[in-house]
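A structural walkthrough
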2 protein chains.
Amino acid sequence: MNDIDTVVERFREAGMKITPQRLSIFALLMDNKDHPSAENIYHQVLEIHPSISFTTVYKTLQTLRDLGEINELSVDPERAHYDPDVSEHYHAFCRSCRGIRDIFPGESSSFSSELPELEGFRVQSVQVAFTGQCEECS
Amino acid sequence: MNDIDTVVERFREAGMKITPQRLSIFALLMDNKDHPSAENIYHQVLEIHPSISFTTVYKTLQTLRDLGEINELSVDPERAHYDPDVSEHYHAFCRSCRGIRDIFPGESSSFSSELPELEGFRVQSVQVAFTGQCEECS
DNA sequence: TTCTCTGCAAATCGTTTGCAGTAAA
DNA sequence: TTTACTGCAAACGATTTGCAGAGAA
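Residues numbered from 1 in each chain as written. Chains lettered and ligands numbered in written order. Predicted model: local features only at pLDDT ≥ 70, side-chain atom pairs only at ≥ 80, totals over all residues. Heavy atoms only, no water.

**Description of the relation of the copies chain B and chain A**
Here is the rule: The superposition of copies rests on a least-squares fit of C-alpha positions from residues with pLDDT of 70 or more in both. Between two residues, a contact is recorded if the distance between any of their heavy atoms is within 4.5 Å.
Once chain B is rotated about the relating axis by 179 degrees and shifted along it by 0.0 Å, it coincides with chain A to within an RMSD of 0.1 Å. Both copies are brought into coincidence by an operation consistent with a two-fold rotation axis. Interface overlap between copies is the fraction of interface residues in one copy that are interface residues in the other; for chain B against chain A it reaches 100%, indicating a shared surface.

Encoded structure:
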């Protein structure tokens, strides 16, 4: 995710408006390493905007995703999680606590960081998801 | 997925019963390379058992998954797909036709076939999903 | 007979949408 | 003023569950 000023600029360029709710969502996501769900984000923004609706959070996340500012992860079969780090990296999902940890190429020897070439398929994105148990849950 | 006799044996050993419905589902999955959804399987079994319910299909898939006979894929954010091939391989998911193609290690140079070691995480499975557009949809 | 499975119907839950009032530009 | 956004309430759709009758062992 770009810095807030850049995100704001991109919204304006696209003819979209900047609202206090959106600014709070941007701020919450910025540098967030927790891979929150829409519900997580909603509950956190509630502290700042007690009357914000889930719908607003949901639609803002959709927009950010469509702009490529954040990634929507499908690692957790029960719900989507969001990641403001759109650089090449992978995820370790703990079945027990449903936590998601970042894995950077190099940390796992057997996965390189190059976008692969596939015969007869135009690859737009790659998701590598390790599922298992984190240290705390073992 | 093991051959049908072995699957039947495993069910019996676990105190579970073998029904005509289950046998048809086993047969449909065996060597199936289509990565069907539960709904797909349900519609196919309907031809053989016109009164089978979705619930029965659903519960059988759960059981097969829990036994490790099939994998439940979360490549498609809209629904689960099932794969009787539980050997190490990856998937290419086409956003347009929602089709899933198998990718075997070696076909994609940048992903090896070894189960990786991650510091402080017990890896139980790895899902590598390439999302994009297949040849037919391009 | 015993115990699991089947099929129905309903509940669940994350996600998505329509719309009227609100607020940004 | 114009146009997009917010929040509500309801729809949606895949998934999951409770339960009574059916069927496998």
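After that view, the rundown keeps rolling.
**So, the nonpolar core**
Quick reminder of the rule: Grouping buried Ala, Val, Leu, Ile, Met, Phe, Trp, Tyr and Cys residues that are joined through side-chain atoms within 4.5 Å yields what is termed a nonpolar core. Partly exposed describes any residue whose relative accessible area lies between the buried limit of under 20% and the exposed limit of over 50%, with all areas from a 1.4 Å probe on protein chains only and scaled to the type maximum.
With 22 residues, the main nonpolar core has Phe-121 and Phe-130 of chain A together with Phe-130 of chain B as its most contacted residues. Within the second largest apolar cluster, 18 residues are counted, among which are Val-7, Leu-29, Val-45 and Val-57 of chain A.

**Brief notes about the protein's contact with DNA strand D**
So the rule is basically this: One heavy atom suffices: a residue is near a molecule or strand as soon as one of its heavy atoms comes within 4 Å of it. Any N or O atom pair separated by 3.5 Å or less is treated as a polar contact, with the protein-specific requirement of one donor-capable and one acceptor-capable atom, and with residues adjacent in sequence counted only for side-chain atom pairs. Under the scheme used here, helices are H or I runs from DSSP no shorter than 4 residues and strands are E runs no shorter than 2 residues, and both carry numbers assigned from the N terminus.
Around DNA strand D, 24 residues are found, and the nearest of them are Lys-17, Thr-19 and Arg-22 of chain A together with Tyr-58 and Ala-80 of chain B. Taking Gln-21 of chain A, its side chain carries an N or O atom lying 3.1 Å from a sugar or linking oxygen of DNA strand D. For the surface near DNA strand D, the secondary structure elements donating two or more residues are helix H2 (20-29) and helix H4 (54-66) of chain A together with helix H4 (54-66) of chain B. If you tally residues by element for the surface near DNA strand D, the top one is H4 of chain B, at five residues.

**Section: the protein's contact with DNA strand C**
Keep this limit in mind: Any residue that is not Ala, Val, Leu, Ile, Met, Phe, Trp, Tyr, Cys, Pro, Asp, Glu, Lys or Arg is counted as polar, Gly included; the first ten are nonpolar and the last four charged.
As a structural note, the neighbourhood of DNA strand C is formed by 24 residues, with Tyr-58 and Ala-80 of chain A together with Lys-17, Thr-19 and Arg-22 of chain B the closest of them. Restricting attention to atoms of DNA strand C within 4 Å of the protein, one finds that 75% of them are sugar or phosphate atoms. Within the contact set of DNA strand C, a base oxygen lies 2.6 Å away from a side-chain nitrogen or oxygen of Lys-17 of chain B. Take Thr-19 of chain B: an N or O atom from its side chain is 2.5 Å from a phosphate oxygen of DNA strand C. When contributions to the surface near DNA strand C are tallied by element, the ones reaching two or more residues are H4 of chain A together with helix H2 (20-29) and H4 of chain B. At five residues, H4 of chain A tops the list of elements feeding residues into the surface near DNA strand C. Of the residues assigned to the surface near DNA strand C, the class counts are seven nonpolar, nine polar and eight charged.

**A word on a negative patch on the surface**
Selection rule: Each patch is built from residues lacking any salt bridge and having more than 30% relative accessible area; the joining distance is 9 Å for like charges and 5 Å for nonpolar side chains (Val, Leu, Ile, Met, Phe, Trp, Tyr). Per-residue and other accessible areas were derived by the Shrake-Rupley procedure at a 1.4 Å probe size, with only the shown protein chains allowed to occlude residues. What makes a salt bridge here is a side-chain nitrogen of Lys or Arg within 4 Å of a carboxyl oxygen of Asp or Glu, nothing more. For the purpose of counting charges, residues Lys and Arg are taken to be positive, whereas Asp and Glu are taken to be negative. His and the chain ends are not included. The atoms used to mark charge sites are NZ of Lys, CZ of Arg, CG of Asp and CD of Glu.
On the surface, Asp-3, Asp-5, Glu-9 and Glu-13 of chain A cluster together to form a negatively charged patch. With respect to the element layout, Glu-13 of chain A can be found in helix H1 (residues 4-13).

**Notes on the packing of helix H1 (residues 4-13) of chain B against H2 of chain B**
Residues and elements named next belong to chain B. Where we set the bar: Lines are fitted to the C-alpha atoms to define the axes, a helix being fitted only along its stretch in contact, and any angle between axes, read from their N-to-C directions, falls within 0 to 180 degrees. Oblique is the label for any angle not under 35 degrees, not over 145, and not in the 65 to 115 range, which are roughly parallel, roughly antiparallel and roughly perpendicular in turn. What makes a crossing left-handed is the near helix being turned counterclockwise from the far one by less than a right angle; a clockwise turn instead makes it right-handed.
Direction vectors running N to C along H1 and H2 enclose 140 degrees, while the axes themselves pass 10 Å from each other. When the interaxial angle is binned, H1 and H2 end up oblique. For the pair H1 and H2, the sense of crossing is right-handed. Residue-level inspection shows Ile-4, Val-7, Val-8 and Phe-11 of H1 in contact with H2, the latter providing Arg-22, Leu-23, Phe-26 and Ala-27. Taken together, the residues of the contact of H1 with H2 sort by class into seven nonpolar, no polar and one charged.

**A closer look at the pattern of salt bridges**
All names here are of chain A. On inspection of all chains with the given rule, the structure shows 14 salt bridges over all chains. Where Arg-79 meets Asp-76, a salt bridge forms, and the shortest distance between an N and an O atom there is 3.8 Å. With a relative accessible area of 3%, Asp-76 lands in the buried category. The partner of Arg-98 in a salt bridge is Glu-78, with the nearest N and O atoms 3.7 Å apart. Remark: Glu-78 occurs in the loop between strand E1 (71-73) and strand E2 (81-83) and Arg-98 occurs in the loop between strand E3 (90-94) and strand E4 (100-103); sequence separation between them is 20 residues. Look at Arg-98 and you get partly exposed, because its relative accessible area is 24%. A single salt-bridge network, built from bridges that share partners, covers Asp-76, Glu-78, Arg-79 and Arg-98.

**A word on the side chain of Glu-69 of chain A**
Residues and elements named next belong to chain A. Mapped onto the fold, Glu-69 is located in the loop between H4 and E1. Judged by relative accessible area, Glu-69 falls into the buried class, the value being 2%. For Glu-69, the contacting residues outside a window of four places in its chain are Met-1, Asn-2, Val-7, Arg-10, Leu-64, Pro-84 and Val-86.

**A short note on the interface of chain B and chain A**
One frequent convention defines the size of an interface as the accessible area lost when the parts assemble. We count it as follows: Throughout, the accessible surface (probe 1.4 Å) given up by two parts as they are put together, summed over both, is called the buried area.
Contact with chain B, which involves 36 residues of that partner, is made by 36 residues of chain A. Between chain B and chain A, roughly 2900 Å² of surface is buried when both sides are summed, and carbon and sulfur atoms account for 52% of that area. The tally of links between chain B and chain A comes to zero salt bridges. Linking chain B with chain A are 14 residue pairs in polar contact (both at pLDDT 80 or more).

**Quick notes on the pairing of strand E3 (residues 90-94) of chain B**
All names here are of chain B. Worth spelling out the cut-off: Note: two strands are recorded as paired if DSSP finds a minimum of 2 bridges between them.
Extensive coverage of E3 is indicated by the burial of five of its five residues. Residue alternation in E3 divides its side chains into two sets, Tyr-90, Ala-92 and Cys-94 and His-91 and Phe-93, and both sets are buried. Alignment of E3 against strand E4 (residues 100-103), held across four bridges, turns out to be antiparallel. In the sheet register, Ala-92 faces E4, and the bridge partner there is Arg-101. Across four bridges, E3 lies against strand E5 (residues 121-134) in parallel orientation. By the bridge assignment, Phe-93 is partnered in E5 with Thr-131.

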